Amino acid sequence: MDPGAADSKVAAVRCLTILLTAAACDTAPAPQHTIHADSAGIPIVTAVAPQWAPGEGWTVDPEPLVEIGAVTGAPEYQFSEVVAAVRLSNGDIVVADRGASELRSYDSAGIFQWRTGRFGEGPGEFESLGFVGTMVGDSLVSYDSSLMRAQVFDSRGRLVRTMRVSTPPGEATRLGSVSDKAVGIVSGLLIVRYIDLGETMETGIVRWPNERLVSIDLGTGETTSLLVVPGHEAVVEWREDGGYRHGRYTFSRMPEYGSAGDRLAVIDTEAYLVRIVSPVDGSIERIVRREMEPREATDAIFEAHLDGIIGMFDDLPAEGERQVRQAWRDTPRAPFLPVLRSVHVDAASNLWLAPYHIVGANPPAFEVHAPDGAWLGSVSVPPGLQRAFIQYQTPYMETGEDYILGVWADDLDVQYVRMYRINK
């Protein structure tokens with residue numbers, strides 16, 4: 001072989017090798033589902049893509065396993081204002097009805113068993129029953145925001161003990177701090193939200209008042225302040241009499257909370273970011289996030305939102321509708337929509353995040369993250385679920401290993417407690 005030709009052949013092979021190597025380098029790697037990092041020892045999990053492929057993932061049966069509720073008939077099956085329902089280890093379901101000021105128990109088939117409570121201030125009574133949760137051994141824990149009182153009942157509804165809830169020592173503020181709402185039970189501790197008015201008050205479009213999460217030891221009654229977060233975004237103005245006016249701000253940002261088992265989750269609706277908080281000392285244990293840009297709150301979106309608000313009224317006369325629309329149009333609004341609406345934690349410590357939607361729109365599917373923060377994918381639930389928001393005091397939703405237990409409402413706003421199977 002001619003030496004020159006041989007050298008040319010070798011050079012060609014080398015060139016081809018270089019080109020193939022370069023092409024391989026230019027090939028984009030498969031996208032990562034999750035990026036892990038940390039800051040000051042706090043793990044930060046950034047979700048990039050869902051792990052479930054199309055057609056994979058969890059589904060919720062379209063028909064309930066159990067339905068409790070009725071329009072007419074026996075009063076124990078009629079609800080006036082359900083705030084929570086929980087499932088005990090034997091399958092029994094206990095419902096807290098604020099309108100009736102009582103807890104009601106049903107067996108696994110939805111058959112009524114017992115009731116306890118009535119309106120009042122005495123032991124076992126309620127002025128504003130706002131929560132029921134469970135502890136180890138199926139003990140039931142209620143919370144009454146008007147009386148600032150937690151009560152523990154056994155699984156048959158018999159009162160075990162009562163405890164007043166007070167601000168942790170040293171945490172009282174000049175303007176006051178008021179116990180407002182139970183968030184849930186985490187690691188045997190009752191987590192309560194306080195409205196924390198703070199030392200001073202700003203005016204304008206502000207995040208005020210602040211909110212303080214407090215844990216309560218249900219054995220000793222000892223309280224521990226966990227963290228303070230900016231509250232609901234609102235328009236605050238001074239009045240001539242020296243007081244203040246706390247006005248609405250459309251599409252406002254706010255904190256939301258979710259809890260179950262040993263996990264307490266905190267979000268701010270302005271971003272797709274979840275803080276996992278220790279129920280013992282309030283330290284941040286993990287951050288779960290996604291890069292998501294908020295949508296602009298256009299005039300078209302606002303008008304659709306307003307149509308949804310009008311749709312909530314029954315038989316609103318034309319003049320009344322005009323006044324409602326004008327009042328909302330005169331209300332300041334944020335330039336961008338919130339990103340999230342609520343956060344929930346299931347029995348396996350998975351996070352269920354509800355993306356924001358305007359009033360009247362069909363709620364989107366929940367986005368589910370594994371306990372380590374990995375984004376699994378989306379799970380849809382049957383329509384009509386009254387999704388829990390701490391801020392709006394709508395019913396709590398309990399998500400077990402293989403079920404969702406919550407409150408659904410029909411076209412007449414009649415409430416039904418339903419349990420659906422989750423297929424994993």
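Cut-offs applied
- Residues numbered from 1 in each chain as written.
- Predicted model: local features only at pLDDT ≥ 70, side-chain atom pairs only at ≥ 80, totals over all residues.
- Heavy atoms only, no water.
- Pairing = 2+ DSSP bridges.
- Helix = DSSP H or I, 4+ residues; strand = E, 2+ residues; numbered from the N terminus.
- Axes fitted to C-alpha atoms, helices over the stretch in contact; angles between N-to-C directions.
- Polar contact = N/O pair within 3.5 Å; in protein donor to acceptor, adjacent residues only side chain to side chain.
- Contact = heavy atoms within 4.5 Å.
- Salt bridge = Lys/Arg side-chain N within 4 Å of Asp/Glu carboxyl O.
- Buried < 20%, exposed > 50% of the residue type's maximum accessible area, 1.4 Å probe, protein only.
- Phe/Tyr/Trp six-rings, centres within 6.5 Å; stacked < 30°, edge-to-face > 60°.
- Lys NZ or Arg CZ within 6 Å of the ring centre and 35° of its normal.

**Q** For this particular structure, what's the right way to read the pairing of strand E18 (residues 233–238)?
**A** Put simply, side chains in a regular strand alternate between the two faces of the sheet. Strand direction decides the pairing type here: strand E15 (residues 204–207) and E18, joined by 4 bridges, are antiparallel. Along E18, the bridge assignment pairs Gly204 with Val236. Bridge count for E18 against strand E19 (residues 244–247) is 4 bridges, and the pairing is antiparallel. Residue Val236 lies in a different strand from E19, and its bridge partner there is His246. Hairpin connection of E18 to E19: 5 residues between the antiparallel strands, including Gly242 at a positive phi of 95°.

**Q** What's the story with the sheet that holds strand E22 (residues 273–277) in this structure? I'm lost.
**A** In a beta sheet, neighbouring strands pair by backbone hydrogen bonds and run either parallel or antiparallel. The strand order E1-E2-E23-E22-E21-E20 describes an open sheet built from 6 strands, whose pairing is mixed. Every interior strand has two partners, whereas the edge strands, strand E1 (34–39) and strand E20 (255–260), have only one. For this sheet, the mean inter-axis angle between neighbouring strands, taken without regard to orientation, is 20°. Both E1 and strand E2 (residues 42–47) contribute to a ladder of 6 bridges, which runs antiparallel. Counterpart to His36 in the pairing with E2 is Val45.

**Q** Would you mind showing me how to read the side chain of His369 here?
**A** Position of His369 among the secondary structure elements: in strand E26 (residues 366–369). Looking at His369, its side chain comes within polar contact range of the side chain of Tyr272, at 2.7 Å. Leaving out residues up to four positions away in the same chain, His369 has contacts with Ala47, Tyr272, Val288, Arg290, Asn350, Leu351, Leu353, Ala374, Trp375 and Leu376.

**Q** What is the right way to look at the pattern of salt bridges in this model?
**A** Any two side chains of opposite charge can pair, given that their charged atoms come close. For the structure shown, the criterion picks out 20 salt bridges. Between Arg98 and Glu81 there is a salt bridge; the shortest N-O distance is 3.0 Å. Separated by 17 residues along the polypeptide, Arg98 in the loop between strand E6 (93–97) and strand E7 (102–106) and Glu81 in the loop between strand E4 (66–68) and strand E5 (82–87) bring together distant segments of the chain. Glu81 gets classed as partly exposed once you look at its relative accessible area, which sits at 35%. Among the charged side chains, a salt-bridge network with shared partners connects Glu102, Arg104 and Arg115.

**Q** Honestly, unusual backbone geometry in this entry has me stumped. Any pointers?
**A** Comment: phi is negative for the bulk of residues other than glycine, and the bulk of peptide bonds are trans. The residue after Trp208, namely Pro209, is reached through a cis peptide bond having omega 0°. Summarising the element assignment, Pro209 is placed in the loop between E15 and strand E16 (210–217). One non-glycine residue, Met148, lies in the positive phi region at around 50°. Here Met148 shows up in the loop between strand E10 (140–144) and strand E11 (149–153). We classify Met148 as partly exposed; its relative accessible area is 24%. Residue Phe251 is not a glycine yet carries a positive backbone phi of 65°.

**Q** Even after reading the chapter, I still don't get the packing of aromatic side chains, so can you show me in this structure?
**A** Aromatic ring pairs are reported here in terms of the distance separating the ring centres and the angle at which the planes meet. Summed over the entire model, instances satisfying the criterion amount to 10 aromatic pairs. Ring geometry for Phe79 versus Tyr106: centroids 6.3 Å apart, planes at 75°, classification edge-to-face. Of the two residues, Phe79 is situated in the loop between E4 and E5 and Tyr106 in strand E7; the sequence distance between them amounts to 27 residues. The exposure class of Phe79 is buried, given its relative accessible area of 13%. Ring centres of Trp408 and Tyr420 lie 4.8 Å apart, and the angle between their planes is 45°; on these two criteria the pair is classed as tilted. A residue pair is termed long-range when its members are at least 10 positions apart, and Trp408 in strand E29 (residues 403–409) and Tyr420 in strand E30 (residues 415–423) qualify at 12 residues. An identical accessibility class is assigned to Trp408 and Tyr420; each is buried. An aromatic cluster of three or more residues is present, and its members are Trp52, Trp58, Trp352 and Phe366. Above the ring of Trp328, the side-chain terminus of Arg248 is found at 3.7 Å from the ring centroid.

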